Amino acid sequence: MNALSSKLAGWRLFWALGACILLMSGLLLAVGPDPVEATRTVIRATARTSFVLFLAAFVASSLAALVPNAFTRALMRERRYLGLSFAFSHLVHMAAIVGYGVLDPKFWPSRGALTNTPGTIGYVFIALLAVTSFHAVSRHMSAATWKRLHTVGIWVIAAIFGLSFFKRIPSMGVAYAIPFSILCAAVAVRLVGKWAQANKRKQAQIRNSQANTHPQHALEP
Ligand code: HEM
């Protein structure tokens, strides 16, 4: 297991996940009797692979803080590659949307500009987060700007997933309440984890300042 996880790390993990997403999309297109419907299935399937990868990156650091074990530490270590794999999966989502628009000319006219607004904002953030996860770009930003962008971007993407699932509950079935509830649970995990991390940092600062104010205590055996 350890040998397997150490082999599937970093860029290797990214390429493996990317290959699975491409394979899945190719198979769906190959086996679907109607190319238009098959393309729509790829749109849905890639939205779901994106959701799983996004969730893994979204809760990684909180889970590692709340439930420290080999798996959550690996999740934390690989979160950059999970995030990039999410961006790749959503690139395939976009390619399938473009393909669908070509195959079904009624698609774009049937969607108002307002319908496309959350998705477009989502893609802007996905692109920004992906590009700034490379050192060559992030080194031109201050740490505070990077952190602000990634925090805002992650919450915007989470909100778009929430909206995409929630709006389908009345029209496409109560089953969409399942991913929506999973997202709500992930939000709770992330908030509790961040609170625990902040608390831990505060306790460490208090201990440090006490050690500095009473240095003799630090030297006591
Ligand atoms: C302008 C950009 C986007 C367009 C035009 C678009 C279009 C679509 C379409 C046509 C579907 C399939 C609808 C169906 O057959 O029921 C879909 C599904 C979905 N999209 Fe997108 N999308 C966009 C961006 C995004 C973004 C940025 C996210 C998330 C961050 C997202 C998440 C989803 C989800 C969760 C589904 C539902 C999948 C399911 O049925 O389980 N989409 N999108």
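Above this note sits the structure.
A brief report on the enclosed structure follows. Note that the structure is predicted; figures quoted are calculated from it, not measured.

What follows is about the pattern of salt bridges. A full pass over the atoms with the stated rule returns 2 salt bridges. Across the salt bridge formed by Arg-77 and Glu-78, the nearest N and O atoms sit 3.7 Å from each other. A residue is classified by how much of its surface remains accessible, and Glu-78, at 9% relative accessible area, is buried. A salt bridge links Lys-106 to Asp-104; its shortest N-O distance comes to 3.6 Å. Residue Asp-104 is classed as buried on the basis of its relative accessible area of 13%.

Let's shift gears to the site of the ligand. Taken together, 24 residues lie around the ligand, and Arg-40, Arg-48, His-90, His-93 and Tyr-176 are the ones closest in. At 3.2 Å, a side-chain N or O of His-93 approaches a nitrogen atom of the ligand. Interatomic distance of 2.5 Å between a side-chain N/O atom of Tyr-176 and an oxygen atom of the ligand. Judged by the proximity of its atoms to the pocket grid, the ligand belongs to the largest pocket. Split by residue class, the shell around the ligand holds 12 nonpolar, 7 polar and 5 charged.

Exactly one protein atom donates to the iron atom of the ligand; that atom is His-93 (NE2), 2.3 Å from the metal. Tracing the backbone through its elements, the reader meets His-93 in helix H5 (residues 79-103).

What follows deals with the nonpolar core. By size, the foremost hydrophobic cluster in this structure holds 32 residues, and its most contacted members are Phe-54, Phe-58, Phe-86, Ile-157 and Phe-161. Elements with a minimum of two residues in this core: helix H2 (10-31), helix H3 (35-66), H5, helix H7 (113-131), helix H9 (143-166) and helix H11 (177-213). With 8 residues, the top contributor of residues to this core is H3. What Phe-58 contacts, discounting residues up to four positions off in sequence, is Ile-154, Trp-155, Ala-158, Ala-186, Val-187 and Arg-190.

Within a pair of aromatic rings, the relevant descriptors are the distance that separates the centres and the angle that separates the planes. For the structure shown, the criterion picks out 17 aromatic pairs. Where Phe-14 meets Trp-15, the ring centres are 5.0 Å apart and the plane angle is 75 degrees; that geometry is what we call edge-to-face. Ring centres of Phe-51 and Phe-161 lie 5.2 Å apart, and the angle between their planes is 55 degrees; this geometry places the pair in the tilted category. A residue pair is termed long-range when its members are at least 10 positions apart, and Phe-51 in helix H3 and Phe-161 in helix H9 qualify at 110 residues. Sitting above the plane of the Phe-134 ring, Arg-80 keeps its charged end 5.2 Å from the centroid.

The next subject is the layout of surface pockets. What the largest pocket holds in volume is close to 980 Å³. Residue lining of the largest pocket: 34 residues in total, with His-93, Ile-97, Arg-111, Ser-164 and Arg-168 positioned closest to the centre. Among the secondary structure elements, those contributing two or more residues to the lining of the largest pocket are H3, H5, helix H6 (107-110), H7, H9 and helix H10 (168-172). The dominant element in the lining of the largest pocket, judged by the number of residues it contributes, is H7, at 8 residues. The residue inventory of the lining of the largest pocket, partitioned by class, reads 19 nonpolar, 9 polar and 6 charged. The computed volume of the second largest pocket comes to approximately 650 Å³. Lining the second largest pocket are 24 residues, and of these Ala-57, Arg-79, Trp-146, His-150 and Ile-154 lie nearest its centre. Going through the elements one at a time, H3, H5, H7, H9 and H11 are the ones with two or more residues in the lining of the second largest pocket. The element best represented in the lining of the second largest pocket is H9, accounting for 7 residues. In terms of residue class, the lining of the second largest pocket is built from 14 nonpolar, 5 polar and 5 charged.

This brings us to the environment of Phe-134. Note that Phe-134 resides in the loop between H7 and helix H8 (135-138). Beyond its immediate stretch of four places on either side in the chain, Phe-134 contacts Trp-11, Arg-80 and Leu-84.

Scoring rules and cut-offs
- Residues numbered from 1 in each chain as written.
- Predicted model: local features only at pLDDT ≥ 70, side-chain atom pairs only at ≥ 80, totals over all residues.
- Heavy atoms only, no water.
- Salt bridge = Lys/Arg side-chain N within 4 Å of Asp/Glu carboxyl O.
- Buried < 20%, exposed > 50% of the residue type's maximum accessible area, 1.4 Å probe, protein only.
- Near = heavy atom within 4 Å.
- Polar contact = N/O pair within 3.5 Å; in protein donor to acceptor, adjacent residues only side chain to side chain.
- 1 Å grid on protein atoms, 1.4 Å probe; cavity = no way out; pocket = protein on both sides within 12 Å on 5 of 7 lines; lining within 4 Å.
- Sits in = over half its atoms within 2 Å of the grid points.
- Nonpolar A, V, L, I, M, F, W, Y, C, P; charged D, E, K, R; others polar.
- Donors = N, O, S within 2.8 Å, 3.2 Å for Na, K, Ca; no water.
- Helix = DSSP H or I, 4+ residues; strand = E, 2+ residues; numbered from the N terminus.
- Core = buried A, V, L, I, M, F, W, Y, C linked by side-chain atoms within 4.5 Å.
- Contact = heavy atoms within 4.5 Å.
- Phe/Tyr/Trp six-rings, centres within 6.5 Å; stacked < 30°, edge-to-face > 60°.
- Lys NZ or Arg CZ within 6 Å of the ring centre and 35° of its normal.
- Points joined across faces, edges and corners; volume = space filled by probe spheres on them.

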